[in-house]
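Okay, here's what each chain looks like letter by letter:
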Amino acid sequence: MNKKLNLQNIIIAIIVSWLVLFVFVPNLMIIGTSFLTRDDANLIEMTFTFNNYIRLFDPLYAKVMWHSFYMAITATALCLLIGYPFAYAIAKMPVKWRPFMLFLVIVPFWTNSLIRTYGLKIMLGTRGILNNTLLYLDIIDKPIRIMYTEYAVMIGLVYILLPFMVLPLYSAIEKLDNTYIEAARDLGASKFQTFIKVIFPLTMPGIIAGCLLVLLPALGMFYVSDLLGGAKNLLIGNVIKSQVLNARDWPFGSATSIALTASMAIMLYAYYRAGKLLNRKVELE
């Protein structure tokens, strides 16, 4: 028994040490840097200031942040519209086919998302596969300009993040108790009413989890915006990258990163509170 406890303590100590060394300490350094001043010679000057956070309210950066949230929320909504019927179809398939379909959903993770983004450039270019196909089928008379637009960034975000929506939705739908659906039909509810009043509310935890898993990464995927959107479609991640690597303003880049992390924390807390409220509602019913 003592040996087992000692082994557990060693494992816990290793995990805690890893988290402290590679998660807590780096984040603490970023927080500290965000309150310092930029120095051209040494990158950082040990002068305490709130100016880095005040700069976030500058109209230029506020516009980028608003655009980032708009793009991320739109991408999340599109992933939900596409992913929900897809996850529902998988959950209602014969049991023997479900693992194969989930395997197909997971397969894209085997390839780096940056490489897949380059693949989208080949697909969406003026002389890319999509335009050549549409021209060959006489659907269009001249190539459509998709690359370096907001639409290209949106396509890239949805393409990369869709599996993160499908998997939690499938988990929620697959666990759905069919007796509720049968009861709704016995009471005369149509398929639409059954979906709106029974299926959708019961799968809400999966919807919230999927939306968070899509929304949070979408805010920081700077390489998607760089490769597909050009300079006019920036995300918060682009601001952080440009401040740290190009402008060499580490304090402001750190402040922007902390602001993004705080936004994510607020969303996660909202998810936690929504989950508790839903569970309480189910218990009362």
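Conventions and cut-offs
- Residues numbered from 1 in each chain as written.
- Predicted model: local features only at pLDDT ≥ 70, side-chain atom pairs only at ≥ 80, totals over all residues.
- Heavy atoms only, no water.
- Helix = DSSP H or I, 4+ residues; strand = E, 2+ residues; numbered from the N terminus.
- Buried < 20%, exposed > 50% of the residue type's maximum accessible area, 1.4 Å probe, protein only.
- Areas by Shrake-Rupley, 256 points an atom, 1.4 Å probe, with all protein chains shown as cover.
- Lys, Arg positive; Asp, Glu negative; His and termini not counted.
- Charge placed at Lys NZ, Arg CZ, Asp CG, Glu CD.
- Phe/Tyr/Trp six-rings, centres within 6.5 Å; stacked < 30°, edge-to-face > 60°.
- Lys NZ or Arg CZ within 6 Å of the ring centre and 35° of its normal.
- pLDDT = per-residue confidence, 0-100.
- UniProt positions renumbered as here; feature names shortened; annotations may be inferred.
- Contact = heavy atoms within 4.5 Å.
- Salt bridge = Lys/Arg side-chain N within 4 Å of Asp/Glu carboxyl O.
- Core = buried A, V, L, I, M, F, W, Y, C linked by side-chain atoms within 4.5 Å.
- Polar contact = N/O pair within 3.5 Å; in protein donor to acceptor, adjacent residues only side chain to side chain.

A.B. asks: How should the overall build of the protein chain be read in this particular structure?
C.D. replies: For the protein chain, the helix and strand inventory stands at 13 helices and 2 strands. Structurally, the protein chain occupies a C-alpha span of about 75 × 75 × 40 Å along its principal axes. Here the protein chain, with 285 residues, has 35% of them falling under the buried criterion. Split by element, the accessible area of the protein chain, about 18000 Å² in all, is 69% carbon and sulfur. When the 24 positive and 15 negative side-chain charges of the protein chain are each reduced to one mean point, those points stand 5 Å apart.

A.B. asks: Whenever I open this one, the packing of aromatic side chains confuses me. Can you help?
C.D. replies: Two measures describe an aromatic ring pair: the distance that separates the ring centres and the angle between the ring planes. Per the stated rule, a full pass over the model turns up 13 aromatic pairs. With centroids separated by 5.5 Å and ring planes inclined at 10°, the aromatic side chains of Phe 35 and Phe 48 adopt a geometry described as stacked. Taken together, the residues Phe 35 in the loop between α1 (2-34) and β1 (37-39) and Phe 48 in the loop between β2 (43-45) and α2 (51-54) connect sequence positions 13 residues apart. These aromatic residues form a ring-pair network of at least three members: Phe 35, Phe 48, Phe 50 and Tyr 53. Above the plane of the ring of Phe 252 lies Arg 55, whose end atom (NZ or CZ) is 3.9 Å from the centre.

A.B. asks: Is there a simple way to explain the confidence of the model for the protein chain in this structure?
C.D. replies: Close inspection of predicted coordinates is inappropriate for parts of the model with low pLDDT. For the protein chain, the mean per-residue pLDDT works out to 85, and 95% of the residues sit at or above 70. Model confidence for the protein chain, summarised as mean pLDDT per element, is weakest for helix α13 (residues 250-284) at 78 and strongest for helix α7 (residues 150-174) at 92.

A.B. asks: Sorry if this is basic, but what is going on with unusual backbone geometry here?
C.D. replies: Among all residues except glycine, the phi angle is most often negative; among peptide bonds, the trans geometry is most common. Backbone geometry at Asp 138 places phi at a positive 60°, although glycine is not the residue there. Structurally, Asp 138 is set in the loop between α6 (129-136) and α7. According to the relative accessible area criterion, Asp 138 is exposed, its value standing at 64%. Phi is positive for Arg 248, close to 60°, though the residue is something other than glycine. What makes Arg 248 partly exposed here is its relative accessible area of 42%.

A.B. asks: Teacher, can you tell me more about the UniProt feature "transmembrane region" (unreviewed entry) in the protein chain here?
C.D. replies: What UniProt calls "transmembrane region" (unreviewed entry) maps, in this numbering, to residues 12-36, 69-88, 100-118, 151-173, 194-224 and 252-272. Between the C-alpha atoms that bound residues 69-88 the distance is 28 Å, and the span itself is 100% helix and 0% strand.

A.B. asks: Sorry, what's going on with the side chain of Ser 34 here?
C.D. replies: On the secondary structure map, Ser 34 appears in helix α1. Beyond its immediate stretch of four places on either side in the chain, Ser 34 contacts Thr 49, Asn 52, Tyr 53, Pro 251, Ser 254, Ala 255 and Ile 258.

A.B. asks: It is not clear to me how the pattern of salt bridges should be interpreted in this structure. Could you clarify?
C.D. replies: Here the idea is simple: oppositely charged side chains can pair when their charged atoms come close. Across all of its chains, the model carries 3 salt bridges by this definition. For Asp 249, the salt bridge identified is with Arg 55, shortest N-O distance 2.9 Å. A residue pair is termed long-range when its members are at least 10 positions apart, and Asp 249 in the loop between α12 (236-246) and α13 and Arg 55 in the loop between α2 and α3 (59-91) qualify at 194 residues. For Arg 98, the salt bridge is made with Glu 174, and the minimal N-O distance between the two is 3.7 Å. One end of the pair, Arg 98, is in helix α4 (residues 98-106); the other, Glu 174, is in helix α7, and 76 residues separate them in sequence. Among the residues examined, Glu 174 registers a relative accessible area of 38% and is labelled partly exposed.

A.B. asks: Looking at this structure, how should I read the environment of Leu 7?
C.D. replies: Following the sequence through the fold, Leu 7 ends up in helix α1. Since its relative accessible area comes to 52%, Leu 7 is described here as exposed. On a C-alpha basis, the gap between Leu 7 and Tyr 136 in space is 66 Å, while along the polypeptide they are 129 residues apart.

A.B. asks: What should I look at first to understand the nonpolar core in this one?
C.D. replies: Inside soluble globular proteins, nonpolar side chains tend to come together where they are buried. In this structure, Ile 90, Leu 157, Met 221 and Val 224 are the most contacted members of the largest nonpolar core, which totals 56 residues. Every element with two or more residues in this core is listed here: α3, α4, α5 (113-124), α7, α10 (204-218), α11 (222-229), α12 and α13. Broken down by element, the residue count for this core peaks at 12 residues, all from α7. Residues within four places of Ile 90 in sequence aside, it is in contact with Arg 98, Met 101, Leu 102, Val 105, Val 166 and Tyr 170.

A.B. asks: Would you explain the side chain of Asn 52 in this entry?
C.D. replies: By secondary structure assignment, the location of Asn 52 is in helix α2. Among the residues examined, Asn 52 registers a relative accessible area of 6% and is labelled buried. Within the structure, the side chain of Asn 52 is placed 2.8 Å from the backbone oxygen of Ser 34, a separation counted as a polar contact. Within the structure, the side chain of Asn 52 is placed 2.8 Å from the backbone oxygen of Leu 36, a separation counted as a polar contact. Apart from residues no more than four positions distant in its own chain, Asn 52 is found in contact with Thr 33, Ser 34, Phe 35, Leu 36, Pro 251, Phe 252 and Ala 255.

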